[in-house]
Amino acid sequence: MEAWDLQPRTREGWLGLDRMAERLVVPVKSGNADGGKGPQFKDNAGSGESREIGLSLTPPEKVRKLQEALHAKAKGSPSYRFYSLYDKVCREEVLAYAYECSKANRGAVGVDQQDFEGIERYGKERWLGELAEELKAKKYEPQPVRRVYIPKPNGKQRPLGIPTIKDRVVQTAVLVVVGPIFEADLPEEQYAYRSERSALEAIRRVHQHLIEGHTGVVDADLSGYFDNIPHAELMKCLARRISDGEVLRLVKLWLEAPVEEKDERGQTQRTTRNKDEGRGTPQGAPISPLLANLYMRRFVRAWKKFGHEERLDAHIVNYADDFVILCRGTEKEAEAVMRGIMKKLKLEVNEEKTRVRRVPEESVVFLGYEIGRCYSPKTGRAYIGTRPSKKAIRKVCEVVRERTNPRWEWRDARDLVGELNRMLRGWANYFCLGSVSRAYRAVDAYVGARLRRWLCGKHKVTSRGYAHFPASYLSGELGLLRLPLLTATFPWAKA
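About the thresholds
Residues numbered from 1 in each chain as written. Predicted model: local features only at pLDDT ≥ 70, side-chain atom pairs only at ≥ 80, totals over all residues. Heavy atoms only, no water. Helix = DSSP H or I, 4+ residues; strand = E, 2+ residues; numbered from the N terminus. Buried < 20%, exposed > 50% of the residue type's maximum accessible area, 1.4 Å probe, protein only. Contact = heavy atoms within 4.5 Å. Areas by Shrake-Rupley, 256 points an atom, 1.4 Å probe, with all protein chains shown as cover. Pairing = 2+ DSSP bridges. Axes fitted to C-alpha atoms, helices over the stretch in contact; angles between N-to-C directions. Parallel < 35°, antiparallel > 145°, perpendicular 65-115°, else oblique. Left-handed = near helix turned anticlockwise from the far one by under 90°. Core = buried A, V, L, I, M, F, W, Y, C linked by side-chain atoms within 4.5 Å. Patch = residues over 30% accessible without salt bridge, like charges linked within 9 Å, V, L, I, M, F, W, Y side chains within 5 Å. Salt bridge = Lys/Arg side-chain N within 4 Å of Asp/Glu carboxyl O. Lys, Arg positive; Asp, Glu negative; His and termini not counted. Charge placed at Lys NZ, Arg CZ, Asp CG, Glu CD. Polar contact = N/O pair within 3.5 Å; in protein donor to acceptor, adjacent residues only side chain to side chain. pLDDT = per-residue confidence, 0-100.

Some thoughts on the overall build of the protein
Consideration 1: When you go through the protein residue by residue, the secondary structure sums to 19 helices and 11 strands.
Consideration 2: Counting all 495 residues of the protein, 53% fall into the buried class.
Consideration 3: When contacts within the protein are restricted to residue pairs at least 6 apart in sequence, those whose partners lie at least 24 apart make up 72%.
Consideration 4: Carbon and sulfur atoms form 49% of the exposed surface of the protein, whose accessible area is close to 23100 Å².

Comments concerning the sheet that holds strand 2 (residues 157-162)
Consideration 1: Overall, mixed pairing links the 4 strands, which are arranged 2-1-4-5 in an open sheet. Bordering the open sheet on either side are strand 2 and strand 5 (268-271), each of which pairs with just one other strand. Going across the sheet, the axis of each strand differs from the next one's by a mean of 35°, ignoring polarity.

A look at the packing of helix 5 (residues 124-136) against helix 6 (residues 165-183)
Consideration 1: Two elements in contact, helix 5 and helix 6, have axes separated by 12 Å at closest approach and are oriented at 65°. Judged by the inter-axis angle, helix 5 sits roughly perpendicular to helix 6. Regarding helix 5 and helix 6, the two cross each other, and that crossing is right-handed. Across the interface between the two elements, Trp127, Leu131, Glu134 and Leu135 of helix 5 pack against Ile165, Lys166, Val169 and Val170 of helix 6.

Some details on the nonpolar core
Grouped burial of nonpolar side chains is what soluble globular proteins tend to show.
Consideration 1: Formed by 137 residues in total, the largest nonpolar core has its most connected members in Phe299, Trp303, Ile325, Met338 and Met342.
Consideration 2: With 11 residues, helix 6 is the single largest residue contributor to this core.
Consideration 3: In this structure Trp303 touches His308, Glu309, Leu312, Ala314, Ile316, Ile325, Ala334, Val337, Met338 and Ile341, once residues within four positions along its chain are discounted.

Some points on a positive patch on the surface
Consideration 1: On the surface, a cluster of positive charge is contributed by Lys156, Lys353, Lys390, Lys391, Arg394, Lys395, Arg438 and Arg441.
Consideration 2: When contributions to the positive patch are tallied by element, the ones reaching two or more residues are helix 15 (390-403) and helix 17 (437-458).
Consideration 3: With 4 residues, helix 15 is the single largest residue contributor to the positive patch.
Consideration 4: Relative to the elements of secondary structure, Lys353 occurs in the loop between helix 14 (331-344) and strand 8 (355-358).

Side note on the environment of Ser435
Consideration 1: Within the secondary structure layout, Ser435 lies in the loop between helix 16 (413-430) and helix 17.
Consideration 2: Each C-alpha atom of the pair Ser435 and Thr386 lies 6.2 Å from the other, and the pair is 49 residues apart in sequence.
Consideration 3: Reaching out from Ser435, the side chain makes a polar contact with the side chain of Tyr383 at a distance of 3.1 Å.

Structural notes on the environment of Asp115
Consideration 1: Residue placement: Asp115 occurs in the loop between helix 3 (92-104) and helix 4 (116-122).
Consideration 2: Considered as a pair, Asp115 and Lys166 are 51 residues apart in the sequence and their alpha carbons are 9.9 Å apart.
Consideration 3: Ignoring any residue separated from it by four or fewer positions in sequence, one finds Asp115 in contact with Val109 and Ile165.

Focus: the confidence of the model for the protein
Consideration 1: Mean pLDDT over the protein: 87, with 87% of residues reaching 70 or higher.
Consideration 2: Every residue in residues 1-11 is under pLDDT 50, and counting partners more than four places away or in other chains gives 30 contacts.
Consideration 3: Contacts from residues 43-52, a stretch scored under 50 in pLDDT, to residues over four places away or in other chains number 48 contacts.

Structure follows, in structure tokens:
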């Protein structure tokens, strides 16, 4: 047995086969409103128990019973095609629940500039009633999607599509009805946007495969996955389970919806790239994550159906458009097979980010975690463990830097600290697996230094602020969260 095969139960670095969580985390409201994946810096981000994308609230009893019935039928009859779903989308309780979910997920306004406050003033019941009549009369047509861009760490920009509130509500209503059907078909290898599954569960699965000896890793990435999903093939994925033409028509309309964005001169430009090229789903739309999961399912199913999993002893762990293949010495062949399947699926492998790695000689970064060789602080023994990646640490520090910028010196100190605490707790709730103390100490020191600098500017103090604003003042008087103290909540710390 190699030294790194031993998984020591240290205070923080334990991810054993029992999948025990390192500390209690609160349930999260999952969402794709920003088009991203992985940790969100919110008070409740990153729990081990996430809900399906877009459905952030507990459904009322009627909706819950409908979903349970649809899921049970789909689970019990894998080849059954559902022919009467559109009428369920139009139900009053389904639309009302979809509205509340959309409101809870917040999000920016669409091209019509309508917001939830305006709908409430108009009358929510009246607005929903008119929408229901529009759907029943089959007069509903989606409006163009508003395109904005969010910066990526590599300097590039990620396109984000923002539908109108009306379109978000109808998409969510469709998701309420068809989501339970397709949930019954998704394989266990897929972790994103699913009930009671999360990024943390995906990390645990990768770690388990590694310590079982699958140390050859195909660390894969796809170029513009959401933007390149082919419509024809995607609609076949839907039609495999849905024969209701009206529901399929709605999805087709959303896939082909025009996109509006402002050019450099502030002029509105409308494009129809998705319709013209027959590919792409708008990131930011409630229905998009389900569609992305359905198409990625084709890759996972092909991998298993054609015997690659068993023949190569190679196992997939997938989260949205990120996935790794964990092998026992067959990683080169697994990479070649993966590329062949992706070509048939009309998807492009990102050459820059796709690599074959050997653990523990190398580490793998997946969903913000670095997985590789760690050392027990008590015995010095090597083992395969997880820790927050350097990129994840830099990212949270960039957020702290922005929020403690001198231009915010007009703010009340306690308000700022409260905002920092919510962000830090969300970050720590996600980065709670494995060896976290070193990362916690680094982030904690950075937060303290930046907050002191901000306080010095606010109060015109010329020194570095250690005398005026010691750690006891930051945590005691202002209530700043101290990340290193959170490790005391780990289960074995209390034993």
